[in-house]
Amino acid sequence: MAEVADQGPIEPQARHVVYCGVCTLPPEYCEFGGTAKKCEEWLKDEYDEIWDRLYSDDVLNANMASLSVSAQERAAKDAAKKEAKAAQNEARDAERKAASKIIIKRVERNKRKHVTVISGLEVFGLENKKLAKELGKKFATGSSMTRSPAGTEEITVQGDVSEEVEDWLLEVYGKQVPAANIELVEDKKKKAAPTA
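We now turn to the structure provided with this report.

Definitions and limits used
- Each chain carries its own residue numbering, running from 1 in the direction its sequence is written.
- Totals for whole chains, interfaces and linings use every residue, but because this is a predicted model, local features are given only for residues with pLDDT of at least 70 and side-chain atom pairs only at 80 or more, for both listing and counting.
- To get the side-chain values, all heavy atoms of the structure are used, and hydrogens and water are removed first.
- The secondary structure listing takes helices from DSSP runs of H or I that are at least 4 residues long and strands from runs of E that are at least 2 residues long, numbered from the N terminus.
- Type-normalised accessible area, obtained with a 1.4 Å probe on protein chains alone, sets the label of each residue: buried when under 20%, exposed when over 50%, and partly exposed for intermediate values.
- Helix axes are fitted only over the stretch in contact, all axes being lines through C-alpha atoms; the angle between N-to-C directions runs from 0 to 180 degrees.
- In a left-handed crossing the near helix is turned counterclockwise from the far helix by less than a right angle, and in a right-handed crossing that turn is clockwise.
- Contacts between residues were defined by any pair of non-hydrogen atoms, one from each residue, lying within 4.5 Å.
- Think of it as three bins: nonpolar holds Ala, Val, Leu, Ile, Met, Phe, Trp, Tyr, Cys and Pro, charged holds Asp, Glu, Lys and Arg, and polar takes everything else, Gly as well.

Looking now at unusual backbone geometry. The phi dihedral of Thr-24 is positive, around 65 degrees, even though this residue is not glycine. Here Thr-24 shows up in the loop between α1 (2–7) and α2 (36–46). Positive phi is not limited to glycine here, since Ala-140 has a value of about 50 degrees. Positionally, Ala-140 belongs in the loop between α6 (128–139) and β3 (143–147). Overall, the relative accessible area of 73% leaves Ala-140 in the exposed class.

Closest axis-to-axis distance for the α6/helix α7 (residues 162–172) pair is 12 Å, and the angle between their directions is 115 degrees. The handedness of the crossing between α6 and α7 comes out as right-handed. Counted together, Leu-131, Glu-134, Leu-135, Lys-138 and Phe-139 of α6 and Glu-164, Val-165, Trp-168 and Leu-169 of α7 form the full contact between these two elements. Partitioning the contact of α6 with α7 into residue classes produces six nonpolar, no polar and three charged.

Below is the structure:
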């Protein structure tokens, strides 16, 4: 104990931690994420030395030899279940994205004043707050993220910029948002019935 005190204070060393590009977990924990095969492929492409340490034939054989036959079967079944569940979740997300619409609505406020309301962006993985800020800068106008009466998030942009917003979305987020899923709507205020 006295020897450690003689050397002086020990300075902590920073550790470089690698995180998976698929599931965002450290590679040692990718097997618990449900996308183990994709994670393994990514790791082999990006960090070959870590892949050798975790997935090489020698390591896998050594790990499998230490398991009993029933444990090996359970591990294989669990891995298959996780892969199937991950594939099912991906299919469900893709189906939901295909059925979802981004609605760009031009709403009349007073006489010739309009606002553009955009809803349905969160399904495509876009952040409404960040997008509202980008739209405000792009069109040099007021823009904010609000909640609709139905409880969904929507972006309100001052002015009639509905067609420009559609073009901008396709230009900037064209990979995430298909053109077929964008719908332009014009919402006019109902005129009051004349009183007799």
